Amino acid sequence: MASVKVAVRVRPFNQRELDMGAQLIIQMKGKTTGILNCKANTRDESIRYKEFTFDYSYWSHDEKSENYASQERVYNDLGKEVVDCAFEGYNACVFAYGQTGSGKTFTMMGAMDNQGLIPRICKALFDRMADNSKRGTTHRVQVSYLEIYQERVADLLRGRDTTSLKVREHPKKGPYVQGLTTCLVANYSHIQECMERGNANRTTAATNMNDVSSRSHAIFTITFVQAGYCDGVPSETVSKIHLVDLAGSERADSTGATGQRLKEGAHINKIVGNIGLRNIGLSGAVQRTERRKERKENFLYRTETRC
Ligand SMILES: Nc1ncnc2c1ncn2[C@@H]1O[C@H](COP(=O)(O)OP(=O)(O)OP(=O)(O)O)[C@@H](O)[C@H]1O
């Protein structure tokens, strides 16, 4: 199993881009993504056209295309392995990053009738748990949901509470958010309720680039405990899955941001810029795992979406 995987995804043009007569400059073939720089002042094809190879290149630009990458395909490639890892006792992380409006929330959360990675991963977890319970394993699942808005950490499961929570470092367990609500969930509909409650509390606003732009970074964490017997000895395995939807990097002139939106954009770019993504027009998801017994951390996947 590779420790890091990178994927990119192209979304369809939105109405604004259609109205502007936007030109499609991305091509995808297999794992390769090609980018045409139509502004380059040269006829040299090697300068105008560049190709990059990723673990996955998802063509979601045109639903009618035979290569169209659906939410299901993205889940099968990226989400299933997260679920497998959790059951093996690894920690995992998937995060989406990139430019505003490029499809991060769509890939991570999706729509009610076209679910993204987070609900699909949750559903698969509970389906697998139901199977394993028949073999005598018991499970405990807890979730928390927080957002980082203008560098303040807010608890999305606590309603519209604007109190900023403190991030602290535990000598053994590492960083944690003090006072963050954790909900014990017994089935998929419980976890779905938590997701919906958190999503409703998330800070969003309309900008020129996205009618429902996430103005915060959101982290949905599932803590998953499996208890059973190993060679007759009671054993317990704890895994954590962090599912992260970052706010998109943005240019103030493209988003038309002023006042509060402009302030938010500056904070968003600061964090996204710190991880080297500022203004490069990418979005996506990253997975990371940690084997509990070895206390070793590895990246599993990184998925980017290009618009
Ligand atoms: N693969 C896709 N297929 C169809 N529609 C998509 C796809 N990806 C994104 N969209 C649509 O594009 C719009 C913007 O997507 P989304 O809100 O996910 O962007 P974002 O990257 O999360 O933006 P922000 O950083 O501003 O929150 C939405 O209307 C969404 O439904």
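Since this is a predicted model, take the numbers as computed values, not measurements.

(A) Representation of the site of the ligand within the structure. Of all residues adjacent to the ligand, which total 18 residues, the nearest are R11, G103, S213, S214 and G248. Looking at the shell around the ligand element by element, the count peaks at three residues for helix α4 (residues 104-108). Partitioning the shell around the ligand into residue classes produces four nonpolar, twelve polar and two charged.

(B) Spotlight on the pairing of strand β9 (residues 138-149). Bridge analysis of β9 against strand β16 (residues 217-230) gives eleven bridges, and the strand direction is antiparallel. Pairing of L146 across the sheet is with I219, part of β16. Bridge count for β9 against strand β13 (residues 183-185) is three bridges, and the pairing is antiparallel. From the neighbouring strand, V143 faces β13, where its bridge partner is C183. Relative to strand β10 (residues 152-155), β9 runs antiparallel, the two being bridged by four bridges. Paired with I148 across the strands is V153, a residue of β10. Here β9 folds back onto β10 in antiparallel fashion, the turn holding two residues, of which Q150 has a positive phi close to 50°.

(C) Structural view of helix α6 (residues 188-201). Under the 1.5 Å per step criterion, the end-to-end length of α6 is 20 Å for 14 residues, consistent within 8% with the ideal 20 Å. Taken together, the buried positions of α6 are I191, C194, M195 and G198. Viewed end-on, α6 has its buried residues packed into an arc of 100°, placing them on one side of the element. Opposite its buried face, α6 presents the exposed residues S189, E196 and A200, each directed more than 90 degrees away. In the core, the buried residues of α6 are packed alongside α5 (117-133), β9, β13 and β16.

(D) Seen up close, the sheet that holds strand β2 (residues 26-29). Pairing within the open sheet is antiparallel, and its three strands lie in the order β2-β3-β4. Each having just a single partner strand, β2 and β4 (49-53) make up the two edges of the open sheet. Strand-to-strand twist of the sheet, defined as the mean angle between neighbouring strand axes without regard to direction, takes the value 20°. Two strands pair when backbone bridges link them, and strand β3 (residues 32-36) and β4 are joined in this way by five bridges, in the antiparallel orientation. Looking at the pairing, I35 lines up with K50 of β4.

(E) Fine view of the packing of helix α3 (residues 71-88) against α5. Across the interface, α3 lies against α5 with an axial gap of 9 Å and an inter-helix angle of 45°. The orientation of α3 with respect to α5, classified from their angle, is oblique. Here α3 runs over α5; the crossing is right-handed. Between α3, through V74, Y75, L78, G79, K80, V82, V83, A86 and F87, and α5, the contact on the second element is made entirely by L117, R120, I121, A124, L125 and R128. Of the residues that constitute the contact of α3 with α5, the class distribution is eleven nonpolar, one polar and three charged.

(F) Spotlight on the confidence of the model for the protein. Of all residues in the protein, 77% have pLDDT values of 70 or greater, and the mean over the chain is 81. When mean pLDDT is compared element by element in the protein, strand β8 (residues 114-115) scores highest at 96, while strand β19 (residues 296-306) scores lowest at 35. Predicted confidence for residues 273-307 stays below pLDDT 50, and this span has 136 contacts to residues more than four positions away or in other chains. Both scores are given for the predicted complex: the pTM is 0.82, the ipTM 0.98.

(G) View of α5. Across its 17 residues, α5 extends 24 Å between first and last C-alpha, which sits within 8% of the 24 Å expected from 1.5 Å per residue. For α5, the complete set of buried residues consists of L117, I118, P119, R120, I121, C122, L125 and M129.

(H) Inspection of the UniProt feature "binding site: ATP" (unreviewed entry) in the protein at higher detail. The UniProt record annotates "binding site: ATP" (unreviewed entry) at G98, Q99, T100, G101, S102, G103, K104 and T105. Structurally, Q99 can be placed in the loop between β6 (90-97) and α4. For Q99, a count of 25 C-beta atoms within 10 Å gives the class buried. In this fold, T100 is placed in the loop between β6 and α4.

(I) Region of the structure containing the packing of α5 against α6. Between α5 and α6, whose axes approach to 9 Å, the crossing angle comes to 155°. Taken together, α5 and α6 sit at an angle that is classed as roughly antiparallel. Between α5 and α6 lies a crossing of right-handed hand. Residues I118, P119, C122, K123 and F126 of α5 form the contact with α6, whose participating residues are Y188, I191, Q192 and M195.

The rules we used
- Residues numbered from 1 in each chain as written.
- Predicted model: local features only at pLDDT ≥ 70, side-chain atom pairs only at ≥ 80, totals over all residues.
- Near = placed C-beta within 6 Å.
- Helix = DSSP H or I, 4+ residues; strand = E, 2+ residues; numbered from the N terminus.
- Nonpolar A, V, L, I, M, F, W, Y, C, P; charged D, E, K, R; others polar.
- Pairing = 2+ DSSP bridges.
- Expected span 1.5 Å × (residues − 1).
- Buried ≥ 20, exposed ≤ 12 C-beta atoms within 10 Å, placed from the backbone.
- Arc of directions from axis to C-beta.
- Contact = placed C-beta atoms within 7 Å.
- Axes fitted to C-alpha atoms, helices over the stretch in contact; angles between N-to-C directions.
- Parallel < 35°, antiparallel > 145°, perpendicular 65-115°, else oblique.
- Left-handed = near helix turned anticlockwise from the far one by under 90°.
- pLDDT = per-residue confidence, 0-100.
- UniProt positions renumbered as here; feature names shortened; annotations may be inferred.

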